[in-house]
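# Structural description and commentary
What follows is each chain in one-letter form.
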Amino acid sequence: MACTLSMLSSAQLVEIVSTQQLSISSDEGLKVAAFSPLGDYLLLTNDVNRGLMHYDLSTGSITTITDADGAGWAAKISPDGKQIIYRERYMNADHTLSNNIVNFTLNTRQRAMIARGQRDLSKLVSANQNSSVAINGDLHMVLTHSGKTTILTPNGVDEAYNWASLSPDGTKIFHATMNGMTMEIFDFDGTTIKQSALRQFFKPAKGKLNQGTISKEESIYGARRCCATDKYIYLLYSDNKFGEGQNPPFYLGVFNWNGNEVCRYVLNEYMDTFVVTP
């Protein structure tokens, strides 16, 4: 289930009043890879995240963007809906996997490379025309800017940096953790990365969640999904423990780039993902 939100002004309960199933004709199973922030189209991919298609919500027409392997896994759309950023996964001569990160301009259908030959890329979490933030196999943040790649582990290599986002203007980076919830914000000028805010929401269980030295039942769920605009960070999170249920109740918190929560939505149903409209 997905929820689309406009810019927020006060805390309130979000109630999902209706859902609608789209009728899409295809020889292979399709799923939604991303929602346009303007609400005019969806990105579709197949069950194994191969390929990416543009589905126009007003006409029902489908246009292929790419057939690349892995393109549907965590594809991103710019706030104005004009840029689509995805990865291309391919096999090297030595039989290892690599990824390119591609910026696709919708109206001209032009492709531009943001990053080439990323060997260890688990998922792409945020990007703009010049930069990207991804998560590697060690659950560390990978920042690529103007072709240069930097591994970010501000709280040490044992931390799992599951949820991260880049501001659309590329000047700030955000991440939040599971096992309790730590939020960290950085200023980025294209060369230097500097911490600007740090918040600890819930006390983490002792040990290393991503290395299996503590059980999930002992840990606060923490962050689940995030996205960002130049003004706000939107974070889906829970204060329940893992052992208290598979689908815990979630909050959708709205934070400024100083790390202060300015608004919180209490969700009456489980929500897996969301987009924010301008």
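Note that the structure is predicted; figures quoted are calculated from it, not measured. (Residues numbered from 1 in each chain as written. Predicted model: local features only at pLDDT ≥ 70, side-chain atom pairs only at ≥ 80, totals over all residues. Heavy atoms only, no water.)

### Some words on the overall build of the chain
Check the secondary structure of the chain and you find 0 helices and 23 strands. Residue burial in the chain is summarised as follows: out of 278 residues, 48% are buried. In the chain, once contacts between residues fewer than 6 apart in sequence are set aside, the share between residues at least 24 apart is 39%. (Helix = DSSP H or I, 4+ residues; strand = E, 2+ residues; numbered from the N terminus. Buried < 20%, exposed > 50% of the residue type's maximum accessible area, 1.4 Å probe, protein only. Contact = heavy atoms within 4.5 Å.)

### Details of the confidence of the model for the chain
When pLDDT is averaged along the chain, the result is 77, and 76% of the positions lie at 70 or above. Low pLDDT, under 50, characterises residues 1-11; the stretch is placed with 32 contacts to residues that sit more than four places away or in other chains. (pLDDT = per-residue confidence, 0-100.)

### Quick word on the sheet that holds strand β4 (residues 41-46)
On the basis of which strands lie adjacent, the open sheet formed by 4 strands has the order β3-β4-β5-β6 and antiparallel pairing. Of all the strands in the sheet, just β3 (30-35) and β6 (62-66) have a single pairing partner and so form its edges. Strand-to-strand, the axes of this sheet are offset by a mean angle of 35°, without reference to chain direction. (Pairing = 2+ DSSP bridges. Axes fitted to C-alpha atoms, helices over the stretch in contact; angles between N-to-C directions.)

### A closer look at the packing of aromatic side chains
The geometry of an aromatic ring pair is captured by two quantities: the separation of the ring centres and the angle between the planes. By the definition in use, this model includes 4 aromatic pairs. Residues Phe201 and Tyr237 carry aromatic rings whose centres are separated by 6.3 Å and whose planes lie at 45° to one another, so their mutual orientation is tilted. Taken together, the residues Phe201 in strand β18 (residues 193-202) and Tyr237 in strand β20 (residues 232-241) connect sequence positions 36 residues apart. According to the relative accessible area criterion, Tyr237 is buried, its value standing at 2%. Arg264 extends its terminal NZ or CZ atom over the ring of Tyr251, reaching a point 4.9 Å from the ring centre. (Phe/Tyr/Trp six-rings, centres within 6.5 Å; stacked < 30°, edge-to-face > 60°. Lys NZ or Arg CZ within 6 Å of the ring centre and 35° of its normal.)

### Structural notes on the nonpolar core
In this structure, Phe174, Met181, Met183, Ile185, Leu235, Tyr237 and Phe255 are the most contacted members of the largest nonpolar core, which totals 20 residues. Breaking this core down by element, the ones donating at least two residues are β16 (172-176), β17 (181-188), β18, β19 (220-228), β20 and β21 (251-256). The residues touching Phe255, leaving out its near neighbours within four places in the chain, are Met183, Arg199, Phe201, Lys231, Tyr232, Ile233, Leu235, Tyr237, Asn260, Glu261 and Val262. Core analysis: the next-biggest nonpolar cluster, separate from the first, contains 14 residues, Leu236, Cys263, Met271 and Phe274 among them. (Core = buried A, V, L, I, M, F, W, Y, C linked by side-chain atoms within 4.5 Å.)

### Some remarks on the side chain of Thr229
For Thr229, the location among the structural elements is in the loop between β19 and β20. Judged by relative accessible area, Thr229 falls into the buried class, the value being 16%. With near-sequence residues (within four places) excluded, Thr229 lies in contact with Ser167, Pro168, Tyr234, Trp257 and Val276.

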